[in-house]
Amino acid sequence: MANTEATLSDRPTPGERRGRWLAALSLLLLVPAAMAVVGWSDAVELRRKLEWNAIDVAAGQRIEFNGARIALAALDVLPSTTGLPADRTFARLRLDVEASGPASQDWLDCRIFLVDSQGRRWEAINFAPTALERQFKKPGESAASRCSTLAVGTHQAGTKLVIDAYFLVPRDATSSLRPTLSAMGARPDYLRFTPETKP
């Protein structure tokens, strides 16, 4: 008799059964929702890192991008450099930038690359030696800043800046180099410039 009573008391009441069904149903709804939220945040983070959509900028064209008006000023390559292997050389990219508004965190993680016709990419040198800057400097050139200045500078709308980036590249790639520019606030869009053809 005692065993029968214990067995009967172990059975869930109708209210308990209803509660268990509701808990199971809640899990069926909450688990996919939680996965969707995590997936969305991962997708947003991935979007900030990857460059998917190229915006082609023709030689001499100025384009509005990420709160600034940008144009390729020059892409110069040193003819020869003492101390480097014969198949390597340095290149310098100059961008003319006019701020459309105050410095913005949208320019954090600003990336500049050179890409050749084979799809190879070279990232800018973090800190170019002063001697290298002097080799590229032309008479009358204005002082240049780094790309990160657009995120942390004190400039306001209308401020004009020159952005420089230096690269070490294979000499056989110099004829087909195209600069690219992206920043966290604009990715997956990025700019792909076509340099002027030199005679």
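Residues numbered from 1 in each chain as written. Predicted model: local features only at pLDDT ≥ 70, side-chain atom pairs only at ≥ 80, totals over all residues. Heavy atoms only, no water.

Chemist: Whenever I open this one, the sheet that holds strand β1 (residues 53-57) confuses me. Can you help?
Modeler: Paired through their backbone hydrogen bonds, the strands of a sheet run either parallel or antiparallel. The mixed open sheet is built from five strands, whose spatial order is β1-β9-β8-β5-β6. Strands at the two margins of the open sheet, each flanked by one partner only, are β1 and β6 (121-123). Going across the sheet, the axis of each strand differs from the next one's by a mean of 30°, ignoring polarity. With two bridges connecting them, strand β8 (residues 178-182) and strand β9 (residues 189-193) associate as antiparallel partners. The residue of β9 that forms the bridge with T180 is R192. (Pairing = 2+ DSSP bridges. Helix = DSSP H or I, 4+ residues; strand = E, 2+ residues; numbered from the N terminus. Axes fitted to C-alpha atoms, helices over the stretch in contact; angles between N-to-C directions.)

Chemist: Please clarify how the pattern of salt bridges should be interpreted in this entry.
Modeler: Note on pairing: side chains with opposite charge can pair once their charged atoms come close. With the rule as written, the count across this model stands at 14 salt bridges. D109 serves as the salt-bridge partner of R187, at 2.7 Å between the closest nitrogen and oxygen. With R187 in the loop between β8 and β9 and D109 in the loop between β4 (88-99) and β5 (111-115), this residue pair connects regions lying 78 residues apart in the sequence. Residue D109 is classed as partly exposed on the basis of its relative accessible area of 40%. (Salt bridge = Lys/Arg side-chain N within 4 Å of Asp/Glu carboxyl O. Buried < 20%, exposed > 50% of the residue type's maximum accessible area, 1.4 Å probe, protein only.)

Chemist: Any chance you could explain unusual backbone geometry here in plain terms?
Modeler: Excluding glycine, residues mostly carry a negative phi; peptide bonds, for their part, are mostly trans. The amide bond that connects R187 to the next residue, P188, takes the cis arrangement and shows omega of 20°. As for its position among the elements, P188 is in the loop between β8 and β9.

Chemist: Honestly, the layout of surface pockets in this entry has me stumped. Any pointers?
Modeler: Vacant regions in the atomic arrangement are exposed by a probe of water-molecule size rolled over the atoms. Volume-wise, the largest pocket comes out at about 660 Å³. Considering the residues around the largest pocket, the lining is formed by 31 residues, among which S145, R146, C147, D164 and A165 are closest to the centre. Those elements that provide at least two residues to the lining of the largest pocket are β4, β5, α3 (130-136), α4 (149-152) and β7 (160-170). In terms of residue class, the lining of the largest pocket is built from 16 nonpolar, four polar and eleven charged. (1 Å grid on protein atoms, 1.4 Å probe; cavity = no way out; pocket = protein on both sides within 12 Å on 5 of 7 lines; lining within 4 Å. Points joined across faces, edges and corners; volume = space filled by probe spheres on them. Nonpolar A, V, L, I, M, F, W, Y, C, P; charged D, E, K, R; others polar.)

Chemist: Before we go on, may I ask you to explain the pairing of β5 in this structure?
Modeler: Here is the key point about a regular strand: its side chains alternate between the two faces of the sheet. For β5, a buried count of five out of five residues is recorded, marking the element as mostly surrounded by other parts of the structure. Here β5 shows a buried face lined by R111, F113 and V115 and a second buried face lined by I112 and L114. Bridge analysis of β5 against β8 gives five bridges, and the strand direction is antiparallel. Bridge assignment links F113 to a residue of β8, and that residue is T180. Between β5 and β6, which follow one another and run antiparallel, lie five residues, and G119 among them has a positive phi close to 90°.

The quantities given are spatial measurements derived from coordinates; they are silent on function.
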